[in-house]
Each structure stands twice: as structure tokens, then as C-alpha cells.
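For reference, the chains in residue letters:
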Amino acid sequence: MNHYLDFEKPIAELETKIGELREYSTDSVDFTGDIKKLEKKAQKLKTEIYTKLTRWQRTQLARHANRPHTLDYIEHIFTEFFEVHGDRNYRDDPALICGFAKLDGKPCCVIGHQKGRNTKEKVHRNFGMANPEGYRKALRVMQMADQFGLPIFTFVDTPGAFPGIGAEERGQAEAIARNLREMAMLKVPVIVTVTGEGGSGGALAIAVGNRVMMMQYSVYAVISPEGCAAILWNDGAKGPQAAEALKLTAQDVEKLGTVIDDVIPEPLGGAHQDHKLAAASLKEYLLKHLSELEDLSADELIEQRYQRFRAMAEIEEQQ
Amino acid sequence: MVWFRKKTALTASAETKKVKIPEGVWSKCKNCQEIIYAKEIERNLNVCPKCDYHFRIGARERIELILDAGTFVEMDANMRSVDFLDFKDSKKYKERIKAALKKAGDGDAVICGTGNLEELPVVVAVFDFAFMGGSMGSVVGEKITRAIEKGLESHAPVLIFSSSGGARMQESIHSLMQMAKTSAALAKLKAAGIPFISVLTDPTTGGVTASFAMLGDLNIAEPRALIGFAGPRVIEQTIRQTLPDGFQRSEFLLEHGMVDMIVPRSEMKQRLSQVLRIFTKS
């Protein structure tokens with residue numbers, strides 16, 4: 001089922017009209033001319049709307065229900081994927097997918113948050129919010145990749161780590177912290193892509209990479225706009241203002257210079273318009289970065305990753 | 001009428017008398033609600049003499065409690081936060097930094113340096129919750145990372161005393177990145193076999209807990225400190241339930257295996273010294 005955001009509605013209307021005209025077209029009645037005209041108009045409208053999106057609208061796009069999730073990207077980018085389960089301590093966390101696959105014939109490891117599309121799936125995946133066991137599973141699998149010398153691709157798409165009683169009891173903070181420390185020491189290339197929502201520590205816990213990229217309509221911030229609004233504005237409904245203040249879009253983050261390496265172009269109107277095309281675009285970047293990292297030694301990879309994060313600071317030092 | 005006049009006169013004099021008592025002579029304990037002579041609390045290391053509640057203390061006070069007198073040498077005292085995002089909520093970040101600086105008179109939410117702990121050279125980083133809720137932005141992340149690197153370079157144990165609401169939202173993605181930066185530095189320290197002790201004090205939450213504060217070779221908590229990933233309010237809003245008493249307090253974390261021990265303020269220095277001497281075989 002197609003799901004439309006408010007600002008997408010004018011486009012949706014045009015597209016329905018085009019669909020109807022197509023349906024009514026028969027051998028005797030020809031609407032080709034009208035259809036072409038409308039298609040041109042729709043294209044123009046899309047370009048107009050999508051080049052002028054506010055940060056809040058971009059956040060909504062990043063969360064779009066039809067947006068490709070990790071399993072969609074896996075299907076379109078990798079072959080021979082098999083999933084592995086469990087943290088060997090407590091349980092399997094369906095909010096984080098871990099497994100192994102091949103990228104253009106090369107064996108590799110794949111890690112990513114998974115959101116659902118319908119209500120049942122969403123609940124099963126806990127809206128992409130992992131528990132400590134999810135992060136511990138991810139670490140177990142990343143260290144396995146390290147053991148076998150396989151490059152790691154991670155896909156970030158989460159509102160944040162799950163804030164719940166059980167999560168606190170089982171050490172949500174410790175699980176995230178440990179991942180940050182251990183990922184710094186991985187001897188294999190780690191290539192991170194923020195595909196949708198990059199929310200806080202729950203995102204970072206699988207995002208300490210040699211390369212970090214963001215999809216064109218993804219967002220990445222220290223806190224969700226709603227969370228930020230609840231704290232700083234005392235009003236969770238001020239999300240749109242908070243989104244502006246947080247400067248969370250891929251374009252904003254790229255401007256900071258040190259945080260991401262590339263912004264990956266999406267199809268016009270966003271990745272949800274064409275999963276295959278979005279995946280093809282992403283794959284190109286994954287291959288490019290892998291080829292740049294493949295020849296580095298373990299020590300060089302660790303040092304490059306360390307220096308990458310070491311450089312991140314905006315400070316002033318007075319004499 | 002006579003009665004009436006007398007009464008008002010009495011009340012007025014009682015009121016003026018009240019006003020004359022200097023402020024801050026008496027303090028009310030947040031935990032047991034007892035009214036206590038403020039000097040007595042201070043003498044007791046800012047711990048309530050009635051119920052053992054540990055009041056929050058400033059970074060300088062804590063350094064005095066932990067390090068040998070006169071041995072502290074501060075690092076990066078002149079590092080300042082920058083409003084590189086032009087962040088504005090109800091107030092501009094620029095203004096918040098200015099106000100915090102004026103109030104604290106110090107650089108930022110953490111003070112770092114070297115010193116001796118019962119004659120053992122150590123590197124310390126101590127949070128000041130009074131400076132923007134001890135929040136971690138670029139300056140805090142950079143100072144902590146340099147402190148860890150100092151430990152690496154001089155082979156000295158590193159001690160971090162946390163007290164923080166978490167990442168500083170006004171620096172958005174950069175404050176998040178400080179979590180990765182500080183944790184990566186700790187990875188190097190660990191590989192070099194140098195001890196890192198994390199001391200968690202009230203409150204330690206969010207991005208600080210989810211990075212270096214939980215990564216101590218030992219995690220030591222002060223009694224009854226609030227320690228967690230998500231704040232209690234966020235959890236309550238998510239699960240729509242009131243939280244059980246004592247949830248996310250030091251004792252709860254000890255029970256769930258997240259901290260190694262709870263040490264009262266009065267015994268902290270001695271315990272740290274004991275631990276470090278074993279870890280460094282000195």
C-alpha cells in the first residue's frame with residue numbers, strides 16, 4: 001500500500017490521475033498526449049517540492065513507511081545472504097539484523113537496524129529500537145567478521161536505542177559503550193551508511209567506521225527532534241523547530257566536514273519511490289569505498305578510523 | 001483595637017527578625033527532608049549526616065577530596081565551546097555558554113589535569129554538573145580524550161568522575177561523535193594495559209553513561225546516584241508506567257551487575273588508592 005506524506009499529496013493526486021487516464025485508454029480513445037503532459041507536470045512538481053523541503057519534512061522522509069529498510073537493501077545489493085541470531089546471553093533482537101553475504105562475489109558481513117512496514121512488523125521489530133542484546137549480537141558478529149577477515153557493512157536506521165525498564169536492567173548504556181570501544185579496534189574495513197534515521201547512541205553503536213555515509217534524505221543527530229523539543233522547549237510537539245535547530249540532514253552534516261565522507265544520491269522524491277534505483281546508487285558507493293580500504297593493513301585501518309573520529313571537535317583554545 | 005495593634009506589631013517584628021538570618025545557614029536534605037546546619041553538611045563532605053545522602057559537589061571540591069593537596073596541575077583550562085551551529089531554543093547557545101561561564105568561572109563541564117593520589121601519579125577528569133548539566137559537547141569530549149592520551153603517554157592511571165545529563169544537544173551530531181572519540185581513546189588505553197577507573201556520581205545519564213562512564217576497568221558508584229541510559233522521564237513516557245522506587249540508582253546497578261562497587265565519598269580516596277596500587281603493582 002502506498003503511503004503519502006502531507007507534502008507528497010499534490011504529487012499523489014497527479015499520479016492517480018495519470019493512472020486513471022491509462023486505465024481509460026483504449027484502442028479508440030488515445031490519452032497519450034494528456035498523459036505525457038501530466039507526467040511532465042508531475043516531474044516538475046516533484047523537483048519543485050523536493051528541492052525546497054524543510055528539515056522537518058526531510059525527517060519525515062527519512063522515516064517514510066515505504067522507505068527501503070536494511071532487508072530491502074540486502075535483497076538488492078548482496079547475494080547469498082544468511083542471517084545469524086542471538087547474543088549468546090539473553091535473546092535474539094529482531095530490531096537488529098546481522099549476517100553474512102557476498103558483495104559482487106566478495107564475502108562480507110552485514111549489520112543493520114530493521115524497521116517494520118505494517119503494524120505487526122513494526123511491533124516485532126520494536127520500531128527499529130534495539131535492546132542491549134541487539135547491540136551485543138552486533139558486536140559478536142562484527143568480531144566474528146574480524147576473526148575471518150571480512151569487511152563489515154552497517155546500515156543505520158533507528159529512532160534510538162530502546163528506553164525501557166528491561167533495557168536499563170540489562171545495561172543499555174554498557175552495551176552501546178562497549179560497541180564504541182570495540183569497533184575502534186576492528187582489524188577489518190567498516191563501512192557505515194545512515195539509510196534513514198540516525199538517532200543518537202543507538203545509531204552510533206553500529207556506526208564507528210572507516211567510512212561513514214548518509215543517504216540523501218537521511219538524518220543523523222544526537223537526539224530525535226521530538227526528544228530535543230521535550231527537553232529544551234518543554235514541548236514534544238515542537239519537533240519541527242528542534243529539527244531546524246539540530247541541523248540534522250545529510251546536507252547539514254556534510255557541511256561540518258569531518259563527520260561523513262559522502263552523501264549518496266537518491267531517486268527523485270526519495271528512496272521509497274524506487275527501491276532498486278536507491279540500492280544501485282548505494283551499492284556503487286559501497287564498492288568504491290571498499291576498494292579504497294581493501295589494501296590497508298589492520299594497523300592502518302585501526303589508525304585511520306581512530307584519526308577520523310579524533311578529528312571531530314569544534315573548539316576554541318585561548319592563549 | 002488595642003489588642004489588634006499589638007498583634008500586628010508583633011508579627012512585623014518577627015518577620016524582620018527572620019529576614020536578618022543569613023541565607024544558607026540551614027539546608028534541607030533532599031532525601032530525608034531534615035533541616036540541617038549547612039556547615040555541618042559541608043564538614044561532612046557534603047553528605048547528609050542524618051541519612052547519608054550524597055549532595056552534588058563541584059569539580060574543584062572533588063579534586064580537593066581525591067588528590068594530594070597542591071599536586072593538581074590543570075590541563076586545557078582555556079578550551080572553550082563554540083556555537084558552530086547557531087543553535088537557538090528559548091535561548092541562544094552562545095548566551096548559555098556565556099551565562100555558564102559567568103556562573104562557574106571555569107572553562108566547561110569537565111576539569112582535567114594530573115596530580116597525585118596518595119603519592120601515585122594519576123590523570124583525572126572531573127565533571128561539574130553546574131555547568132550546563134555537565135553536558136558533553138566538543139570541549140568535554142576533547143578534554144577527556146586528551147586526558148586519556150596523557151595517561152597513555154605518561155603511563156598513569158586515568159580516573160574519570162562523571163556527573164552529566166548526557167550529550168550537549170546544542171552541538172547536535174558533534175556531541176554524539178564525542179562518545180565514539182572518547183571510547184576509541186579508551187580502547188588504546190586498555191590495549192596498553194593502563195587502568196581506567198570510572199566513578200559514577202549523581203547523576204550520570206545519556207551519552208556519558210553510554211560511552212566512557214560504563215567502560216571502566218572498574219565502575220565505582222557513589223551511594224544512591226542516578227545512573228542510566230535513558231532518563232526516568234523518557235522511560236515513563238515510553239512505557240506509560242511509573243518506575244519502581246530505587247530504579248536506576250547505584251544500588252540497582254550493583255544488583256544488576258553494572259557497577260563493581262558502591263563507595264561512600266568519605267572512603268573514595270582510600271579505596272581508589274588501594275585499587276590502583278593492586279592494578280599497577282606498586
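Residues numbered from 1 in each chain as written. Chains lettered and ligands numbered in written order. Predicted model: local features only at pLDDT ≥ 70, side-chain atom pairs only at ≥ 80, totals over all residues. Heavy atoms only, no water.

1. Digging into the overall build of chain B
In step 1: Looking only at helices and strands, one finds ten helices and ten strands in chain B.
In step 2: Once the C-alpha set of chain B is aligned to its principal axes, its extents read approximately 85 × 45 × 45 Å.
In step 3: Counting only residues that meet the buried cut, chain B has 53% of its 282 residues in that class.
In step 4: Expressed as a percentage of contacts within chain B between residues at least 6 apart in sequence, the contacts between residues at least 24 apart total 67%.
In step 5: About 13200 Å² of surface is accessible on chain B, with carbon and sulfur atoms providing 53% of the total.
In step 6: With 39 positive and 33 negative side-chain charges, chain B shows a spacing of 8 Å between the two charge centroids. (Helix = DSSP H or I, 4+ residues; strand = E, 2+ residues; numbered from the N terminus. Buried < 20%, exposed > 50% of the residue type's maximum accessible area, 1.4 Å probe, protein only. Contact = heavy atoms within 4.5 Å. Areas by Shrake-Rupley, 256 points an atom, 1.4 Å probe, with all protein chains shown as cover. Lys, Arg positive; Asp, Glu negative; His and termini not counted. Charge placed at Lys NZ, Arg CZ, Asp CG, Glu CD.)

2. Brief notes about the pattern of salt bridges
Side-chain pairs of opposite charge can arise where the charged atoms are in close proximity.
In step 1: Considering all chains together, one arrives at 43 salt bridges over all chains under this definition.
In step 2: We note a salt bridge from A:Lys106 to A:Glu294, for which the minimum N-O separation is 3.1 Å. Residue A:Lys106 is located in strand β3 (residues 106-113), and its partner A:Glu294 is located in the loop between α13 (275-293) and α14 (298-310); the two are separated by 188 residues in the primary sequence.
In step 3: With relative accessibility at 36%, the residue A:Glu294 sits in the partly exposed group.
In step 4: Residue B:Asp89 is joined to B:Arg96 by a salt bridge in which the shortest nitrogen-to-oxygen separation is 2.5 Å.
In step 5: For B:Arg96, a relative accessible area of 22% puts it in the partly exposed group.
In step 6: What emerges from the salt-bridge pattern is a single network uniting A:Arg310, A:Glu317, B:Asp76, B:Glu142, B:Arg146, B:Glu149 and B:Lys181. (Salt bridge = Lys/Arg side-chain N within 4 Å of Asp/Glu carboxyl O.)

3. With respect to the sheet that holds strand β7 (residues 158-164) of chain B
Residue and element names in this part refer to chain B.
In step 1: As summarised here, the arrangement of the seven strands in space is β3-β5-β6-β7-β8-β9-β10, forming an open sheet in which the pairing is mixed. Each having just a single partner strand, β3 (73-75) and β10 (261-262) make up the two edges of the open sheet.
In step 2: Relative to strand β5 (residues 110-117), β3 is paired through three bridges, and the arrangement is antiparallel. Looking at the pairing, Met75 lines up with Cys112 of β5.
In step 3: Packed onto the sheet, helix α5 (residues 138-154) meets β3, β5, β6 (120-127) and β7 and runs at close to 20 degrees relative to β5. (Pairing = 2+ DSSP bridges. Axes fitted to C-alpha atoms, helices over the stretch in contact; angles between N-to-C directions.)

4. What to know about the nonpolar core
In step 1: Residues A:Ile111, A:Tyr220 and B:Phe212 are the most contacted members of the largest nonpolar core, which totals 115 residues.
In step 2: Each residue touching A:Tyr220, except ones within four places of it in the same chain, is listed here: A:Val194, A:Gly198, A:Ala203, A:Leu204, A:Ala207, A:Met214, A:Leu248, A:Val253, B:Ile173, B:Leu176 and B:Met177. (Core = buried A, V, L, I, M, F, W, Y, C linked by side-chain atoms within 4.5 Å.)

5. Observations concerning the packing of aromatic side chains
In step 1: Tallying each qualifying case throughout the model produces ten aromatic pairs over all chains.
In step 2: Ring geometry for B:Trp26 and B:Tyr37: centres 5.6 Å apart, planes at 55 degrees, overall tilted. A residue pair is termed long-range when its members are at least 10 positions apart, and B:Trp26 in strand β1 (residues 26-28) and B:Tyr37 in strand β2 (residues 35-37) qualify at eleven residues.
In step 3: Relative to B:Phe252, the ring of B:Phe247 lies with its centre 5.0 Å away and its plane at 70 degrees, an arrangement referred to as edge-to-face. Pair check on accessibility: B:Phe247 and B:Phe252 agree, each one buried.
In step 4: Through a chain of ring-to-ring contacts, three or more aromatic side chains come together here, namely A:Tyr73, A:Phe78, A:Phe153 and A:Phe155.
In step 5: Over the ring of A:Phe309 we find A:Arg308, and its NZ or CZ is 5.3 Å from the ring centre.
In step 6: B:Lys188 extends its terminal NZ or CZ atom over the ring of A:Tyr306, reaching a point 3.9 Å from the ring centre. (Phe/Tyr/Trp six-rings, centres within 6.5 Å; stacked < 30°, edge-to-face > 60°. Lys NZ or Arg CZ within 6 Å of the ring centre and 35° of its normal.)

6. Details of the domain arrangement of chain A
Residue and element names in this part refer to chain A.
In step 1: As assigned here, chain A comprises domain 1 (13-52) and domain 2 (62-310).
In step 2: The centre of domain 1, based on its C-alpha atoms, is set 37 Å off from the matching centre of domain 2.
In step 3: Counting from both sides, the interface comprises four residues of domain 1 and, opposite them, four residues of domain 2.
In step 4: Across the domain 1-domain 2 interface, the total number found is zero salt bridges.
In step 5: Taken together, the residues of the side of domain 1 that touches domain 2 break down into one nonpolar, two polar and one charged. (Domains from an automatic or database assignment. Nonpolar A, V, L, I, M, F, W, Y, C, P; charged D, E, K, R; others polar.)

7. A short note on the confidence of the model for chain B
Parts of the model with low pLDDT should not have their predicted coordinates read in detail.
In step 1: This prediction gives chain B a mean pLDDT of 91; 92% of its residues lie at or above 70.
In step 2: As scored by the predictor, the complex reaches a pTM of 0.92 and an ipTM of 0.94. (pLDDT = per-residue confidence, 0-100.)

8. Points about helix α4 (residues 93-104) of chain B
Residue and element names in this part refer to chain B.
In step 1: In a regular helix each residue adds 1.5 Å, so twelve residues correspond to 16 Å; α4 covers 16 Å between its end C-alpha atoms and thus fits that length.
In step 2: For α4, the complete set of buried residues consists of Tyr93, Ile97 and Ala100. Projected onto a plane normal to the axis of α4, the buried residues spread over an arc of 70 degrees and lie on a single side. The outward face of α4, more than 90 degrees from its buried face, is lined by the exposed residues Lys98, Lys102 and Lys103.
In step 3: Structurally, α4 contributes buried residues whose contacts are with β4 (79-81).
In step 4: Two residues or fewer after α4 comes Gly105, characterised by a positive phi angle close to 70 degrees. (Expected span 1.5 Å × (residues − 1). Arc of directions from axis to C-beta.)

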